[in-house]
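So you can see what is in the structure, the chains are spelled out below.
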There are 2 protein chains.
Amino acid sequence: MKVIQSIQEMQQQMRIMKKQGYEIGFVPTMGYLHEGHLTLVEQARRENDVVVMSIFVNPLQFGPNEDFERYPRDFERDERLAEEKGVDFLFYPHMDDMYPEGFSIKMTVENRVNVLCGESRPGHFDGVVTVLAKLFNIVLPDRAYFGMKDAQQVAVVEGLIADYNFPVKLVPVKIIREQDGLAKSSRNVYLTDKERSEAPQLFRSLQQAATTIEAGERVVKKIIDSIRKNIDKNTSGKIDYVEILSYPDLETLTVLEGRFIIALAVQFERARLIDNITITLE
Amino acid sequence: MKVIQSIQEMQQQMRIMKKQGYEIGFVPTMGYLHEGHLTLVEQARRENDVVVMSIFVNPLQFGPNEDFERYPRDFERDERLAEEKGVDFLFYPHMDDMYPEGFSIKMTVENRVNVLCGESRPGHFDGVVTVLAKLFNIVLPDRAYFGMKDAQQVAVVEGLIADYNFPVKLVPVKIIREQDGLAKSSRNVYLTDKERSEAPQLFRSLQQAATTIEAGERVVKKIIDSIRKNIDKNTSGKIDYVEILSYPDLETLTVLEGRFIIALAVQFERARLIDNITITLE
């Protein structure tokens, strides 16, 4: 595995790879790798000739109340994990090179952002698309891998690729779960034993909703109410949101049709958990 | 020459060209081609294996008082001229494909825009960078050609390429002039005979400024005053602006140093003429 810090060198290497006909799979991360990232790498490894991971804690996607400085970092551990999983190039740029003085062209996302987690993170996705537009141009990937755990991010990145015609295929990777259905997350360790035993109810309530939809239910409000009731009854968490939206447009629905997402966020004492499922009705 | 309207087909063709190792030169235009455009094509032809021209009247770069609908169009003539000059691919996309319903990620330029012609065209360069980001991703050029007549546009596009790391080399092409020095422009035909005989004074006053700078003058205000005096005395035009700015940052200077531009705009009765020179002091 080659670690590259220079933007120019990275882009140059990728141009050489492409000229040789190699297909490039890309896993952008902010480092502090967990199983989710490594699953993305595994899939990228299977589907491409060259696998690139980037590690860059992107200041633009942090809000004023979100602590960019305190975001966890452990480059040496990340480097080891990436190499073990078969990453070929680890791109680890300097902040001053990514956003030099005079950086002055901003991207702003208008759709898909004021719902779900985006509602409480104004400007977050502006930062996400800005850094991804840069990374796509530097890494020149054929495929970019994103976890469906953050389904809203996947939707926004689909928007970026479509709006700006990036020659990149977005590959959404399904949520990895514990045996009991709880979506894997580095935050799960902050759950108390009692909370941990309740937490699988999040996914279970999504599954129950899927079952009632399969049985013919189409009224969004009824489905949401039943998910909320389920979570209120079976967990000590406080519901942040339960939403059903068209996917990937993330627009409000009252009656189900086409492709949509059921997504929720629940605040436990020291961990806020999110989960979702997407369903397509023919 | 192949005319392509489909975004997907264009991108696909260019990916094939690149895989074969061909270098792509790109001349983006809004059509209604004139000698300036054709000079760009000539240079692109000399420096690349494949030459792509795009014709797309971009609604995003027109202000509310600038008539997008009435912008002149003559595709058949453009097609003939492009073919004669050796364009290989003429990309002529539909507006609904470039900006489909749901297009929602905007680019905003913060630097280099509130000076020169940009001062009276708020939002113009936001539209320019948005369409160019799209075109770069579709055409995948190695080099993109822009005329220095619109030096501010060149500066803004340099900003776009730098800020977003597009793997594209911008090639600025020098201003083409009539024998008497007047910068060529489709607007020159709107000059009266008297105005046409005065108009070379614009370039002459820029040349005189260059001469005084060569002789040691470094005070910006003095140089600007002398250019204004020259134009007021020798033409019937009304000065819109005479500015000296660092280049390509387009920041105000009081004392000359490094690379800078001297640019002016003069309003004649039915034509507004612009001209500029760039100078580098070692």
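Residues numbered from 1 in each chain as written. Chains lettered and ligands numbered in written order. Predicted model: local features only at pLDDT ≥ 70, side-chain atom pairs only at ≥ 80, totals over all residues. Heavy atoms only, no water.

Where an unreviewed UniProt entry is consulted, chain A appears under the name Pantothenate synthetase, with the organism given as Bacillus solimangrovi. The UniProt entry for chain A carries the following comment under Pathway (unreviewed entry): "Cofactor biosynthesis; (R)-pantothenate biosynthesis; (R)-pantothenate from (R)-pantoate and beta-alanine: step 1/1." Looking at the Function (unreviewed entry) heading of the UniProt record, one finds this comment for chain A: "Catalyzes the condensation of pantoate with beta-alanine in an ATP-dependent reaction via a pantoyl-adenylate intermediate." (UniProt positions renumbered as here; feature names shortened; annotations may be inferred.)

Caption draft 1: Fine view of the overall build of chain A. Counting secondary structure elements, chain A contains nine helices and 10 strands. A compact globule built from 282 residues would reach a C-alpha radius of gyration of about 19 Å, and chain A, at 20 Å, matches this within 12%. Along the three orthogonal principal directions, the C-alpha set of chain A runs to about 55 × 40 × 40 Å. Residues classed as buried in chain A amount to 55% of the 282 residues present. (Helix = DSSP H or I, 4+ residues; strand = E, 2+ residues; numbered from the N terminus. Rg over C-alpha atoms; globule rule 2.2 N^0.38 Å. Buried < 20%, exposed > 50% of the residue type's maximum accessible area, 1.4 Å probe, protein only.)

Caption draft 2: Up close: the domain arrangement of chain A. Residue and element names in this part refer to chain A. Splitting chain A by domain gives domain 1 (2-173) and domain 2 (186-275). Every contact between the two is made by 13 residues of domain 1 and, on the other side, 12 residues of domain 2. Together, the buried faces of domain 1 and domain 2 total about 1,200 Å²; carbon and sulfur atoms form 63% of this surface. Summed over the shared surface of domain 1 and domain 2, the result is one salt bridge. There are six residue pairs in polar contact (both at pLDDT 80 or more) connecting domain 1 and domain 2. Residue composition of the side of domain 1 that touches domain 2, by class: seven nonpolar, two polar and four charged. (Domains from an automatic or database assignment. Contact = heavy atoms within 4.5 Å. Buried area = accessible area lost by both parts, 1.4 Å probe. Salt bridge = Lys/Arg side-chain N within 4 Å of Asp/Glu carboxyl O. Polar contact = N/O pair within 3.5 Å; in protein donor to acceptor, adjacent residues only side chain to side chain. Nonpolar A, V, L, I, M, F, W, Y, C, P; charged D, E, K, R; others polar.)

Caption draft 3: Spatial organisation of helix H5 (residues 124-139) of chain B. All names here are of chain B. With 16 residues, H5 should cover 22 Å at 1.5 Å per step; its first-to-last C-alpha distance of 22 Å lies within 8% of that length. With respect to burial, H5 is a largely interior element, 15 of its 16 residues being buried. The first or second residue beyond H5 is leucine 140, which carries a positive phi of 50°. (Expected span 1.5 Å × (residues − 1).)

Caption draft 4: Here's a closer look at the pattern of salt bridges. All names here are of chain B. Inspection of the entire model under this criterion finds 34 salt bridges over all chains. Here aspartate 88 ties to arginine 45 by a salt bridge, and the two come within 2.9 Å at their closest N and O atoms. Taken together, the positions of aspartate 88 in the loop between helix H3 (75-84) and strand E4 (89-91) and arginine 45 in helix H2 (residues 35-47) put the pair 43 residues apart, joining distant regions of the chain. By relative accessible area, which is 28% here, arginine 45 ends up partly exposed. Here glutamate 84 makes a salt bridge to arginine 80, at a shortest N to O gap of 3.8 Å. Here the residue glutamate 84 and the residue arginine 80 both occupy positions in helix H3, the gap between them amounting to four residues, near one helical turn.

Caption draft 5: Spotlight on the relation of the copies chain B and chain A. With an RMSD of 0.0 Å, the fit of chain B onto chain A corresponds to turning through 180° and sliding 0.0 Å along the axis. Both chain copies can therefore be described as sitting about a two-fold axis. Considering only C-alpha atoms, the part of chain B nearest the rotation axis is B:Met107, at 2.2 Å. (Least-squares fit on C-alpha atoms with pLDDT ≥ 70 in both.)

Caption draft 6: Geometry of the interface of chain B and chain A. Taken together, the contact pairs 32 residues of chain B with 32 residues of chain A. Both sides together, the interface formed by chain B and chain A hides about 2,900 Å², and carbon and sulfur atoms give 46% of it. Counting the contacts that link chain B with chain A gives four salt bridges. Our count for the chain B to chain A interface comes out at 27 residue pairs in polar contact (both at pLDDT 80 or more). If you list the elements that add at least two residues to the side of chain B that touches chain A, you get helix H1 (7-19), strand E5 (105-109), H5 and helix H6 (151-164) of chain B. Each residue belonging to the side of chain B that touches chain A can be placed in one class, and the counts come to 15 nonpolar, nine polar and eight charged. Across five bridges, strand E5 (residues 105-109) of chain A lies against E5(B) in antiparallel orientation. The residue of E5(B) that forms the bridge with A:Thr108 is B:Lys106. (Pairing = 2+ DSSP bridges.)

Caption draft 7: Seen up close, the UniProt feature "binding site: (R)-pantoate" (unreviewed entry) in chain A. Residue and element names in this part refer to chain A. Annotation from UniProt places "binding site: (R)-pantoate" (unreviewed entry) at Gln61 and Gln153. Spanning 93 residues, the annotated positions come together in the fold, the maximum distance between their C-alpha atoms being 11.6 Å. Tracing the backbone through its elements, the reader meets glutamine 61 in the loop between strand E3 (50-55) and helix H3 (75-85). For glutamine 61, a relative accessible area of 9% translates into the label buried. Not counting chain neighbours up to four residues away, the residues in contact with glutamine 61 comprise Met30, Glu66, Arg121, His124, Gly127, Val128 and Val131. For glutamine 61, the side chain forms a polar contact with the side chain of asparagine 58, separated by 2.8 Å. Secondary-structure assignment places glutamine 153 in helix H6 (residues 151-164). Classification of glutamine 153 as buried rests on a relative accessible area of 18%. With residues up to four places along the chain from it excluded, the contact list for glutamine 153 reads Phe125, Val128 and Phe146.

Caption draft 8: Highlighting the environment of A:Ser185. All names here are of chain A. Position of serine 185 relative to the elements: it lies in the loop between strand E7 (169-173) and helix H7 (193-198). For the pair formed by serine 185 and alanine 271, sequence separation is 86 residues and the distance between their alpha carbons is 10.0 Å. Within the structure, the side chain of serine 185 is placed 2.9 Å from the backbone nitrogen of arginine 187, a separation counted as a polar contact.

Caption draft 9: Representation of the packing of helix H8 (residues 200-214) of chain B against helix H9 (residues 220-234) of chain B. Residue and element names in this part refer to chain B. Axis separation between H8 and H9 bottoms out at 9 Å; the angle between their running directions is 150°. On the basis of their axis angle, the class for H8 and H9 is roughly antiparallel. Of the two elements, H8 crosses H9, and the hand of that crossing is right-handed. On the side of H8, the interface is formed by Gln201, Ser205, Leu206, Gln208, Ala209 and Ile213, while H9 contributes Ile223, Ile227, Asn230, Ile231 and Asn234. (Axes fitted to C-alpha atoms, helices over the stretch in contact; angles between N-to-C directions. Parallel < 35°, antiparallel > 145°, perpendicular 65-115°, else oblique. Left-handed = near helix turned anticlockwise from the far one by under 90°.)

Caption draft 10: Just the pairing of strand E2 (residues 24-29) of chain B, in detail. All names here are of chain B. The element E2 is largely enclosed, with a buried count of six among its six residues. With six bridges joining them, E2 and strand E3 (residues 50-55) adopt parallel strand pairing. From the neighbouring strand, valine 27 faces E3, where its bridge partner is methionine 53.

Caption draft 11: Highlighting the side chain of A:Asn137. Within the secondary structure, A:Asn137 sits in helix H5 (residues 124-139). What A:Asn137 contacts, discounting residues up to four positions off in sequence, is A:Gln11, A:Phe166, B:Asn137, B:Tyr164, B:Asn165, B:Phe166 and B:Pro167.

Caption draft 12: Region of interest: the packing of aromatic side chains. Tallying each qualifying case throughout the model produces 14 aromatic pairs over all chains. Residues A:Phe62 and A:Phe68 carry aromatic rings whose centres are separated by 5.4 Å and whose planes lie at 70° to one another, so their mutual orientation is edge-to-face. Taken individually, A:Phe62 and A:Phe68 each receive the classification buried, so the pair is uniform in this respect. Ring plane angle 65° and centroid distance 5.5 Å describe the contact between B:Phe136 and B:Phe166, whose orientation is recorded as edge-to-face. Placement of the pair is B:Phe136 in helix H5 and B:Phe166 in the loop between H6 and strand E7 (169-173), with a sequence separation of 30 residues. (Phe/Tyr/Trp six-rings, centres within 6.5 Å; stacked < 30°, edge-to-face > 60°.)

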